[in-house]
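# Structure at a glance
If you want the building blocks of each chain, they are given just below.
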Amino acid sequence: MNLLEKWQKWLSENPPPLYIGELQIAEGYWIYNRKDQLNDSLLCLTSLLDLKLYLRQDERGHYRPLKAEMGILRGWKYGPVDFKGLFYAIEAIYPFALTHWFGLKARIIGPVSFQKTIGRQIGMYKVIEKEADFLADRTVEALCRVKCLRQNLWHGSYSEPKEEASIPLVCLEACPLFLEHSRKLFFKKTTTLSK
Amino acid sequence: MSSFPHAIDWSKASLVLAGHGSLYNSEAALPVYINAEKIRNKKLFENVYETFWKEEPSFHQTLLSIPSSFIYVVPFFLSHGFFTAKVIPAEMGIEGPMTRMGKKMVHYCRAVGENPRVSELIIEAINRAIDFKMASSILSESALLLVSHGTKKNVHSKETTYLHWNILQKKGIFKECHVFFLEEEPRISSWKEYVRSKYIFAVPFFISEGDHSYVDVPKLMGIKKSLRTSPISYPQDVEGRYVWYTKAVGTMEGMEQVILEQVVAFDESFGKVAKVAF
């Protein structure tokens, strides 16, 4: 059974309403912010590209690079779509959210340790290696726990899901924003120590 | 519609478009998203994925997560440099043009900027920028300026800029063809010292729109109006010269064809002969 077939089967066993991250899925299928009511007043996004680009900003119009950051825009809806369209819409908003969850359940995909992520760095993030454990701990506290909806599975400390969900969002590896934050923290620390 | 030889049944393969992206500038990833969507709509591949160095989904997670057995990775970069030669291979575990990863076979194509057709896109963009009837009379009296970033950190970063300068110069469409840089000599701020023509077509040789293409290059050229805040009319008068300024190369119309041609070029280089039309 391939991934889409697994998804179709799971959907047939778990009818809407469904909750993933800050999204709600209604019969039809419609997808929208769970804080909204599904009605005609919501802006109807018509393509996956619209969905990807529209949700790149927050309500103040600022760029939102962390895809699972809390505070996804309100006031939109996407649909109606079939099971396949729903799969791609969810993955457009939360990249690989379903792939990772089904992959984890089937044990064909798993978390990647921070040591491995840092170990393959050859450029600007190589410096993180010098203080990897310290920087990872601090960045998890400052970034993941405060901002991100994903449940971190690669860091030692257990993190509680922040939203009740039909399918939990999982984090299998340090993301680009995590590396950037860790790098900044490294230079902040070394600058402080050298003063 | 073109017909090209290709290696395997693309409908059973995934295409991965690998761009730089940004954690600070939302526009940096747009050409990757837009071109991926254009190709997705052609329904040539089993799936089309966007992946980024500085955004989610990351290069590493993307390749781990794609279920397809055949994967083409096309770097959405203008030059074959640090990112295409080092970062993408390191992040994705790519060891050469073809890498076996368990049940997956990953085909690593060349960067989009290396395709000679990019020169055609530049000419088409310039033709669109001016009145068609004016084109033949003006272009032969004009100077083309390719404006690239340039960096002393990587000797290869300039190569594709000069590749297209060479192609465009040989076509003989323009009276003069020049290359300028932001961070190397000859610098774009000194263009008036080198360029004699009255009509100027400046092309930002960048993969996406951002501060360099919208702000830095126009400002250094002497274009007083801001490109970022509102569309401006062309030509712009810069000390008695008439300047047209195009979109960044990576955002030009037809880039999706260039991406597909990079896949075709990969297949051809391995002697594949099946046919596909796009």
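Because the structure is a prediction, the values reported are computed rather than measured.

What follows is about the overall build of chain B. Helices and strands together make up the secondary structure of chain B, namely 9 helices and 12 strands. Taken over the C-alpha trace, chain B has a radius of gyration of 19 Å; the compact-globule value for 278 residues is 19 Å, and the two agree within 12%. Taking the principal axes of the C-alpha coordinates as reference, chain B spans close to 60 × 40 × 35 Å. For chain B, buried positions account for 57% of its 278 residues. The contacts of chain B with a sequence gap of at least 6 include a subset with a gap of at least 24, amounting to 74%. In the structure as shown, chain B presents an accessible area of about 12000 Å², 54% of it carried by carbon and sulfur atoms.

Let us now look at the domain arrangement of chain B. All names here are of chain B. Annotation of chain B at the domain level lists domain 1 (3-113 + 253-277) and domain 2 (116-251). Spacing between the C-alpha centres of domain 1 and domain 2 amounts to 28 Å. At the interface, 20 residues of domain 1 touch 22 residues of domain 2. Carbon and sulfur atoms supply 57% of the area that domain 1 and domain 2 bury against each other, a total of about 1600 Å² over both sides. The largest share of the area that domain 1 buries against domain 2 comes from Glu27, Leu78 and Glu253, three residues that together contribute 39% of it. Inspection of the region where domain 1 meets domain 2 yields 2 salt bridges.

So, about the pattern of salt bridges. Evaluation of the coordinates by the stated rule reveals 25 salt bridges over all chains. Note that A:Lys52 and B:Glu50 form a salt bridge whose closest N and O atoms lie 2.9 Å from each other. Of this pair, A:Lys52 sits in helix 2 (residues 48-54) while B:Glu50 sits in strand 3 (residues 47-52), which puts the two residues in different chains. A single network of salt bridges, built from pairs that share partners, joins A:Lys52, B:Glu37, B:Arg40 and B:Glu50.

Residues A:Trp7, A:Leu51, A:Trp76, A:Tyr94, A:Phe114, A:Phe178 and B:Val73 are the most contacted members of the largest nonpolar core, which totals 76 residues. With 7 residues, helix 3 (residues 83-93) of chain A is the single largest residue contributor to this core. With residues near it in sequence (within four places) discarded, A:Phe178 still touches A:Phe114, A:Ala136, A:Thr139, A:Val140, A:Leu143, A:Cys144 and A:Trp154. Core analysis: the next-biggest nonpolar cluster, separate from the first, contains 49 residues, B:Leu17, B:Val74, B:Val203 and B:Val249 among them.

Okay, the pairing of strand 2 (residues 13-19) of chain B next. Residues and elements named next belong to chain B. With 7 of 7 residues buried, strand 2 is to be regarded as a mostly interior element. What you see with strand 2 is no split at all: Ala13, Leu15, Leu17 and Gly19 on one side and Ser14, Val16 and Ala18 on the other are buried throughout. Here strand 2 pairs with strand 4 (residues 70-75) via 6 bridges, running parallel. By the bridge assignment, valine 16 is partnered in strand 4 with valine 73. Alignment of strand 2 against strand 3, held across 6 bridges, turns out to be parallel. Across the sheet, serine 14 pairs through a bridge with asparagine 47, a residue of strand 3. With helix 1 (residues 30-42) bridging strand 2 and the parallel strand 3, this β-α-β connection has right-handed handedness.

Let us now look at the domain arrangement of chain A. Residues and elements named next belong to chain A. Here chain A is described as being made up of domain 1 (3-105) and domain 2 (114-194). Distance between the C-alpha centres of domain 1 and domain 2: 25 Å. Summed over both sides, the interface between domain 1 and domain 2 buries roughly 1800 Å², with carbon and sulfur atoms accounting for 72% of that surface. Counting every contact that joins domain 1 to domain 2 gives 0 salt bridges.

Residue and element names in this part refer to chain A. For helix 6 (residues 132-147), with 16 residues, the first-to-last C-alpha span of 21 Å sits near the 22 Å given by 1.5 Å per residue. Of all the bends in helix 6, the greatest, near 40°, is centred on valine 140. Every buried residue of helix 6 is accounted for by Ala132, Leu135, Ala136, Thr139, Val140, Leu143 and Cys144. For helix 6, the secondary structure elements touched by its buried residues are helix 5 (114-119), strand 6 (151-152) and helix 7 (176-194).

A few words on the sheet that holds strand 8 (residues 176-181) of chain B. All names here are of chain B. Judged by pairing direction, the sheet is mixed, and its 5 strands sit side by side in the order 8-7-9-11-10 without closing on themselves. Both edges of this open sheet fall to strand 8 and strand 10 (236-238), since each of them pairs with a single strand only. This sheet shows a mean twist of 30° between the axes of neighbouring strands, independent of strand direction. As paired elements, strand 7 (residues 142-148) and strand 8 share 6 bridges and run parallel to each other. The residue bridging alanine 143 from the neighbouring strand is glutamate 176, located in strand 8. Sitting on the sheet, helix 6 (residues 159-171) is in contact with strand 7 and strand 8, with an inclination near 170° to strand 8.

In this section: the interface of chain A and chain B. Listed per partner, the contact involves 31 residues of chain A and 30 residues of chain B. Carbon and sulfur atoms supply 60% of the area that chain A and chain B bury against each other, a total of about 2700 Å² over both sides. Of all residues in chain A, the largest losses of buried area upon contact with chain B belong to A:Tyr63, A:Phe96 and A:Arg120, amounting jointly to 22% of the total for that side. Inspection of the chain A/chain B interface yields 19 residue pairs in polar contact (both at pLDDT 80 or more). Those elements giving two or more residues to the side of chain A that touches chain B turn out to be helix 2, helix 4 (97-105) and helix 7 of chain A.

Thresholds, definitions, all that
Residues numbered from 1 in each chain as written. Chains lettered and ligands numbered in written order. Predicted model: local features only at pLDDT ≥ 70, side-chain atom pairs only at ≥ 80, totals over all residues. Heavy atoms only, no water. Helix = DSSP H or I, 4+ residues; strand = E, 2+ residues; numbered from the N terminus. Rg over C-alpha atoms; globule rule 2.2 N^0.38 Å. Buried < 20%, exposed > 50% of the residue type's maximum accessible area, 1.4 Å probe, protein only. Contact = heavy atoms within 4.5 Å. Areas by Shrake-Rupley, 256 points an atom, 1.4 Å probe, with all protein chains shown as cover. Domains from an automatic or database assignment. Buried area = accessible area lost by both parts, 1.4 Å probe. Salt bridge = Lys/Arg side-chain N within 4 Å of Asp/Glu carboxyl O. Core = buried A, V, L, I, M, F, W, Y, C linked by side-chain atoms within 4.5 Å. Pairing = 2+ DSSP bridges. Right-handed = clockwise from strand over helix to strand, strands pointing away. Expected span 1.5 Å × (residues − 1). Bend = angle between axes of the 7 residues up to and from the residue. Axes fitted to C-alpha atoms, helices over the stretch in contact; angles between N-to-C directions. Polar contact = N/O pair within 3.5 Å; in protein donor to acceptor, adjacent residues only side chain to side chain.

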